[in-house]
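Residues per chain are reported as follows:
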Amino acid sequence: MNRLVFPKDFIWGTATASYQVEGAGHEGGRGESIWDTFSRKPGVVYAGENGEIACDQYHRYAEDTALMAEFGFNSYRFSIAWPRIIPAGTGKVNPEGIAYYRRLCEELHKHGISACATIYHWDLPQPLEDAGGWASRSIVNAFEEYAKICFRELGDVVDRWITINEPLCIAYLGYLHGMHAPGICDLQKALNAAHHVNMAHGVAVKAYRKTGLTAPIGITWNPVTPRPATNSPADKKAAKIARTLETEVFVFPCLGKGYPELVTKDFKGSLPIKSGDLETIAQPIDFIGINYYFENPVSADKKARFKYCNRPFWQDTTDMGWPIVPGGLERQLKWFAEISKGVFGKTDIPLFITENGYAGKDEIGPDGRIHDRDRIEYLKQHLSVCADLIKDGLNIKGYYVWSLLDNFEWACAYTKRFGIVHVDYNTQKRTPKDSAYFFRDVIAGFGEW
Ligand code: FCB
């Protein structure tokens, strides 16, 4: 028999993000975000869909909380929509937005579920993008002001803070590849965005320490640390370049290690670093959040812009086309444990998997159930990695599955279903999939098969 055994105090959560689940796009005083604007552009989001209604969690948060409780989850990772708190990005605060997140947190607490709030998960107020967005340094002050309001207004009900979700996607998908809002393709803007996201994290943590609040605060990265396709020195070097450009550039400065030399040298000072910035970014954090979905093999490629390219793989894929590589999660976690050793005078910073999950073509069967065997298989494999590493002594404290619900999957809109609970978008009916029952058993200590 196989068995998944976790420590008694392990944190079990589900994760979502405001634009992907809340809906109520023009309710409660919410301002426009870059995703509202981006999804109106023809051809960028599947079938021209948007998050205007999404899963309607703004109105159904009590039902969703009850679902989490039913399956035994003890934490919920959600994000705060900046345009709900400060509709114009800076200036006037919207009390209705604050009231919504208070209601949500209080409902969670009623069920013994802790509130893990991400301050920024990609829904930038449009007026800030009009002023240059993450590519402009003025964003750093705006973010500080916004974060301070979150701490002041919600500090008594939030149990864990994550400053920013996936800096890599903000900077590169948003400003280099143009696949996400605001849809810009400009290397210099992407490098500016990378530095400003790092700065925003730093100023927020610095401000937080002055509030006297004691809930832990950290950041969530989606480390891309591909494996070399072969043992050749060229491929090993390619994998190193990929790791540096996609991961170290975000992680290293936040952990007080400065920017990697490859970046400062090869991009010849094009990161807009001012004196004092590195100190601002390197604020001691209480934990590291890691989002993991897949890993690619890479090879050297002289013709490619950054001298490396992804190679074909043999593994089965999820509905996103992402290869299923549980070993990649092991490599990520070990890498983080290694590089964070001794940082900020701590022996080992707690690690959280803040997202991990599987997109499938989930349909309700004739028996009214969703037998998502493939998702369960994926989860078994990835949870086994965590359980084994905890046994080996890694300081992994929690796991949040992406996602509680099927939701608006950015440019893929509603075509990709990541939930452990199915959503019928016509009726908003929630139907737990078998994977929800799988979690119930694992959390209750019966993760066996
Ligand atoms: C991550 C995002 C999350 C979700 C998953 C599938 O990159 O943080 O919002 O879209 O991917």
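Above this text you will find the structure in question.
The sections below set out a description of the structure shown in this document. (Residues numbered from 1 in each chain as written. Predicted model: local features only at pLDDT ≥ 70, side-chain atom pairs only at ≥ 80, totals over all residues. Heavy atoms only, no water.)

Tallying secondary structure elements over the chain gives 15 helices and 15 strands in all. Its C-alpha atoms give the chain a radius of gyration of 21 Å, near enough to 22 Å, the size a compact globule of 449 residues would have. A fraction of 76% describes how many contacts in the chain between residues 6 or more apart in sequence connect residues 24 or more apart. In the structure as shown, the chain presents an accessible area of about 17400 Å², 53% of it carried by carbon and sulfur atoms. Averaging the positions of the 51 positive and the 54 negative side-chain charges in the chain gives two centres separated by 5 Å. (Helix = DSSP H or I, 4+ residues; strand = E, 2+ residues; numbered from the N terminus. Rg over C-alpha atoms; globule rule 2.2 N^0.38 Å. Contact = heavy atoms within 4.5 Å. Areas by Shrake-Rupley, 256 points an atom, 1.4 Å probe, with all protein chains shown as cover. Lys, Arg positive; Asp, Glu negative; His and termini not counted. Charge placed at Lys NZ, Arg CZ, Asp CG, Glu CD.)

Moving on: the nonpolar core. Ranked by internal contacts, the top residues of the largest apolar core, which has 153 residues, are Trp82, Trp134, Phe143 and Trp161. Of all the elements, helix α9 (residues 187-209) adds the most residues to this core, at 11 residues. The contacts of Phe143, once residues within four sequence positions are left out, are Trp82, Ile119, Tyr120, Trp134, Thr163, Ile164, Ala200 and Ala204. (Core = buried A, V, L, I, M, F, W, Y, C linked by side-chain atoms within 4.5 Å. Buried < 20%, exposed > 50% of the residue type's maximum accessible area, 1.4 Å probe, protein only.)

Strand order in the open sheet formed by three strands is β7-β9-β10, and the pairing between neighbours is mixed. Since the sheet does not close on itself, it has two edges, and those belong to β7 (227-228) and β10 (308-310), each with one partner. The pairing of β7 with strand β9 (residues 297-300) spans two bridges and is classified as parallel. Counted as the bridge partner of Pro228 is Val298 from β9. Each of β7, β9 and β10 touches helix α10 (residues 233-254); the most contacted strand, β9, lies at about 115° to it. (Pairing = 2+ DSSP bridges. Axes fitted to C-alpha atoms, helices over the stretch in contact; angles between N-to-C directions.)

Now for the environment of Tyr414. Following the sequence through the fold, Tyr414 ends up in the loop between β12 (396-402) and β13 (421-424). Taking the C-alpha atoms as reference, Tyr414 lies 38 Å from Lys237; in sequence the two are 177 residues apart. Tyr414 has contacts with Glu49, Asn50, Gly51, Ala54, Asn407, Phe408 and Tyr425, leaving out every residue within four places of it along the chain.

As a further point, take the site of the ligand. Close to the ligand lie Gln20, His121, Trp122, Asn165, Glu166, Asn291, Tyr293, Glu355, Trp402, Glu409, Trp410 and Phe418, which account for all nearby residues. Between the ligand and Gln20, the relevant distance is 2.8 Å, taken from an oxygen atom to a side-chain nitrogen or oxygen of the residue. At a separation of 2.8 Å, an oxygen atom of the ligand approaches a polar side-chain atom of His121. Here the residues of the shell around the ligand are counted per class, giving five nonpolar, four polar and three charged. (Near = heavy atom within 4 Å. Polar contact = N/O pair within 3.5 Å; in protein donor to acceptor, adjacent residues only side chain to side chain. Nonpolar A, V, L, I, M, F, W, Y, C, P; charged D, E, K, R; others polar.)

Looking now at helix α8 (residues 167-175). Of all nine residues that make up α8, nine are buried, and the element is covered over most of its length. Residues Pro167, Leu168, Cys169, Ile170, Ala171, Tyr172, Leu173, Gly174 and Tyr175 constitute the buried set of α8. Packing partners of the buried residues in α8 comprise β4 (114-120), α6 (126-130), β5 (160-165), α9, β6 (217-221) and α10.

What follows is about the packing of helix α7 (residues 138-154) against α9. Their axes nearest at 9 Å, the elements α7 and α9 cross at an angle of 35°. For the element pair α7 and α9, the recorded crossing hand is right-handed. Contacts between α7 and α9 involve Ile139, Val140, Phe143, Glu144, Ala147, Lys148 and Phe151 from the former and His196, Met199, Ala200, Val203, Ala204, Ala207 and Tyr208 from the latter. For the contact of α7 with α9, the class distribution of residues is 11 nonpolar, one polar and two charged. (Left-handed = near helix turned anticlockwise from the far one by under 90°.)

Bringing unusual backbone geometry into the picture now. A cis amide bond, omega 10°, links Ala181 with the succeeding residue Pro182. Of note, Pro182 is situated in the loop between α8 and α9. Across the junction of Trp402 and Ser403, the peptide omega takes the value 15°, indicating a cis bond. Of note, Ser403 is situated in the loop between β12 and β13. A positive phi angle is found at Asp56, which is not glycine, with a value near 55°.

Take Thr16: it is sitting in the loop between β2 (11-15) and α1 (18-21). Look at Thr16 and you get buried, because its relative accessible area is 0%. Here Tyr76 takes part through its side chain, which lies 2.6 Å from a polar atom of the side chain of Thr16.

The full count for this structure, using the stated rule, is 32 salt bridges. Across the pair Glu295 and Arg227 runs a salt bridge, and its minimum N-O distance is 2.5 Å. In this pair, Glu295 sits in the loop between β8 (287-291) and β9 while Arg227 sits in strand β7, placing the two residues 68 residues apart along the sequence. With relative accessibility at 3%, the residue Glu295 sits in the buried group. A salt bridge links Asp434 to Arg373; its shortest N-O distance comes to 3.4 Å. Here Asp434, found in helix α15 (residues 434-443), pairs with Arg373, found in helix α14 (residues 373-391); they are 61 residues apart in sequence, far enough to count as distant. Residue Asp434 is classed as buried on the basis of its relative accessible area, which comes to 8%. In the salt-bridge network here, residues are joined through shared partners; they are Asp362, Asp372, Arg375, Asp406, Arg417 and Lys433. (Salt bridge = Lys/Arg side-chain N within 4 Å of Asp/Glu carboxyl O.)

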